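Coordinate inspection notes
What follows is each chain in one-letter form.
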Amino acid sequence: SIWAAGSEEEVVGFLGRLTTELSDLSLDRLETEAGVLIAESMGWRSSSFTSMLASRFGPIGPGVLSYPEYGLRRLTGDQVLNWASDRFTTENAVLWLTGPPPSGMSLTLPSGIRHKLELPPDRPRYSASGRTRIYQQDHGIAVGGFGIRSIPLRMAAEIVRHRAQEHMRHELGRVYAVGQEYAPLTADQVFVYWGADSDPEHSQEVGEAFDSVLQSILDEGPTQEEVERQIVLAEQAQTLDPAGFARGEPGRYASDALIGHDSLAVEEWIPQMREVTPEMAAEALQAIMPGSMAIASESAVIGFTPAPVRNDPKLRGKVYRFRNGDVKQRFILSDDALAVEDPERSLTIRFEDVILSEHYTGGGRALIASDGTYIGIDATNRKLHELAAIVDTRVPPGVAVPPRRPLPCRPARPGRHCGGLNGPVSRLRLALSRPMADAVTPEAPRRLQRVDEVFHPGVVLASQVHYDLPGVLVRQHVEATGDERVVEISKQFRVLIALVDLRPVGGQIGMGS
């Protein structure tokens, strides 16, 4: 949405310039504006709300809210222009004003095809009919379900929130607030969400407390007093802050118009609220439970079945073995699929289902399938580097996302060279304690290899130094201390590494035989 406030002349001028420029976009600032949006995206984090959307739809439609803006690294000018000419048209735009349309107002958007907002086909990784705990967290509870937009459901969602808040905050004192979202997805469909944070110590209690509130309303329905309270609150919204209520109404009408929903005027929906009975509210709530999802403490006893950790029968193919810290992994590659197995999970992605393959500067890959299944490949391992190269030839064309661009070279002090991702390290000093030095023998010479890798937007999480020593396999996080990085390898070994002008903010040191 784009808005403007000011005098009639200023608003008319702004709208005229805006629609003219949208009709004939200039690409002069494409790279600059992409950089601005990348900077904005640094604060992005997925949430339990967006994770549930991704679990239902994968990285498509509403599910994209749970993923970074990958397009900022691969969209071309032609793709941007084609999208704008298809979407920025009179059939896909709504204009609302706080007064009558000014005389002389001229909007120059072209005509086009109306795009009706529709949900993608369900691609749930979990049961579409049961109630699934999609993953665990140790700081609260979140529950969400999908249903048909209705006044009884909207009232029921707020009744659950209010009763849970009364119980979990005012009686138990375990949460600050219980949040609730009634988020329209299309003209007819809605996602209903509740969430509350807590400290880890009480996460189990909070999860079970919310589930008991939800289950009691599902089984017995809300009270008549709870239903009537919703009507009183709706009436007060108009009378206590009429100006604020009036300002919000045009936005509601505009959003509904864009997605094709027939909005009710305030004088229509409050009388309809008065017709809602506790039984109607309970039935509306019960209808969203099939396919509902929860995120809660692993130990919380709630009425949601843990999600399966396998999504396909075992795959047959070439096996690549890899140790990720203390965890042993197996990658199985066949002609049409890739699977990863470890003690806790077994996941398979068919190459025809891959919609995104993110590339990392060190050669790593992250495959994301249309149902949201994710497999990461750490290509700093020689064998997995070979695997990543083969995978590139088998995924569909056009799904690759290039690596994030490295930070510009800025030496810490004059006369020094850039290091880390930004150029060659000017020098590397290695000091081994006596026990570790003794482990390096002429028969097993020490080999040194530096590997740079970026795992998160704008943050270098791994500038790795690998030491191959006989009989030692240790991986520990680096503690950054200015230009020096100190690593506790074990109680017997201590290594001091000075990486001159190395800029990364974090990393790992790997030791292997």
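None of the values given here were measured: they were computed from a predicted structure. Every residue gets a number counted from 1 within its own chain, in the order that chain's sequence is written. Owing to the predicted nature of the model, reporting of local features is limited to residues with pLDDT of at least 70; listing and counting of side-chain atom pairs is limited to 80 or more, with chain, interface and lining totals taken over all residues. Where side-chain values are given, they derive from all heavy atoms of the structure, hydrogens and water being excluded.

**Examining the confidence of the model for the protein chain**
Taken residue by residue, the protein chain gives an average pLDDT of 77. The fraction at 70 or more is 77%. pLDDT expresses, on a scale from 0 to 100, how confident the predictor is about each individual residue. In this analysis, two residues are considered to be in contact whenever any of their non-hydrogen atoms come within 4.5 Å of each other. The low-confidence segment residues 407-513, where pLDDT is below 50, has 217 contacts with residues more than four positions distant or belonging to other chains.

**Some points on the packing of helix α6 (residues 203-220) against helix α10 (residues 278-287)**
A pair of packed helices is captured by two measures, namely the crossing angle of their axes and the spacing between those axes. Look at α6 against α10: their axes get within 8 Å of each other, and the N-to-C directions meet at 120°. It follows from the interaxial angle that α6 and α10 lie oblique. α10 is crossed by α6, and the crossing has left-handed handedness. Facing α6, whose interface residues are Leu-214, Ile-217 and Leu-218, α10 presents Ala-282, Leu-285 and Gln-286. Gly falls in the polar group here, along with every residue not listed as nonpolar (Ala, Val, Leu, Ile, Met, Phe, Trp, Tyr, Cys, Pro) or charged (Asp, Glu, Lys, Arg). Counted by class, the contact of α6 with α10 contains 5 nonpolar, 1 polar and no charged residues. Lines are fitted to the C-alpha atoms to define the axes, a helix being fitted only along its stretch in contact, and any angle between axes, read from their N-to-C directions, falls within 0 to 180 degrees. Where helices and strands are cited, they refer to DSSP runs of H or I of at least four residues and of E of at least two residues respectively, numbered from the N terminus. For this classification, under 35 degrees means roughly parallel, over 145 means roughly antiparallel, 65 to 115 means roughly perpendicular, and everything else is oblique. For a crossing to be left-handed, the near helix must be turned anticlockwise from the far one by less than a right angle; the clockwise case is right-handed.

**With respect to α10**
For every residue, the accessible area obtained with a 1.4 Å probe (protein chains only) is divided by the maximum for its type, and the residue is called buried under 20%, exposed over 50%, and partly exposed between those limits. Inspection of α10 places Pro-278, Ala-281, Ala-282, Ala-284 and Leu-285 among the buried residues, and these make up the whole buried set. Burial along α10 is one-sided: seen end-on, the buried residues are contained in an arc of 160°. Seen from the open side of α10, the exposed residues pointing more than 90 degrees away from its buried face are Glu-279, Glu-283 and Ala-287. Buried-residue contacts for α10 involve α5 (151-171), β4 (189-197), α6 and α7 (224-239). Think of it as the arc spanned by the lines of direction from the helix axis to the C-beta atoms.

**With respect to the sheet that holds strand β5 (residues 293-296)**
Strands sit in the order β3-β4-β2-β5-β1-β6 across an open sheet of 6 strands; the sheet is mixed. Edge positions in the open sheet fall to β3 (179-184) and β6 (305-306), since each of these has one partner strand only. Two strands pair when backbone bridges link them, and strand β2 (residues 140-148) and β4 are joined in this way by 9 bridges, in the antiparallel orientation. Looking across to β4, one finds that Ile-148 is bridged to Gln-189. When DSSP finds at least two bridges between two strands, those strands are taken to pair.

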